[in-house]
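The residues making up each chain are set out below.
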Amino acid sequence: QVQLVESGGGLVQAGGSLRLSCAASGSIFATMGWYRQAPGKQRELVASITRGGATNYADSVKGRFTISRDNAKNTVNLQMNNLEPEDTAVYYCSAANLVNRIYWGQGTQVTVSS
């Protein structure tokens, strides 16, 4: 069965850094990524990466966040630098298998204080 387990969330000061990790199991994933959802807002794509390494970032995080993956380990990471209070949200790991079924992790809270 497919499972995605996130780690690395927490409280950080503005300008600081966090590294989120997601350990996936149970399938081969064509695309993996991170979404976030703040209270009262729609869930939005933060970054995604294909098995071949093609990346996509939300405009709001370009130049600050870096997504990476290890295909052999089925892990995906999100290095978040220069964090801002506006980055505060629940961050969800996601993964799409080879027939485009999408799976979600439970989410991890990221809080950035000013």
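Our subject is the structure listed above.
Because the structure is a prediction, the values reported are computed rather than measured.

**Quick look at the state of the cysteines**
Across all of its chains, the model carries 1 disulfide by this definition. Between Cys22 and Cys93 runs a disulfide, and the two sulfur atoms are separated by 2.1 Å. Since a negative S-S torsion denotes a left-handed disulfide, the Cys22-Cys93 link at about -85 degrees is left-handed. Taken as a pair, Cys22 in strand β3 (residues 18-25) and Cys93 in strand β9 (residues 89-97) lie far apart in primary sequence, 71 residues in all. For the pair shown, Cys22 and Cys93 are each scored as buried.

**Here we look at the side chain of Ser94**
Its place among the elements puts Ser94 in strand β9. Sequence-distant contacts of Ser94, defined by excluding residues within four places in its chain, comprise Leu4, Thr31, Met32, Gly33, Tyr35, Tyr103 and Trp104.

Criteria and thresholds
Residues numbered from 1 in each chain as written. Predicted model: local features only at pLDDT ≥ 70, side-chain atom pairs only at ≥ 80, totals over all residues. Heavy atoms only, no water. Disulfide = S-S within 2.5 Å. Helix = DSSP H or I, 4+ residues; strand = E, 2+ residues; numbered from the N terminus. Buried < 20%, exposed > 50% of the residue type's maximum accessible area, 1.4 Å probe, protein only. Contact = heavy atoms within 4.5 Å.

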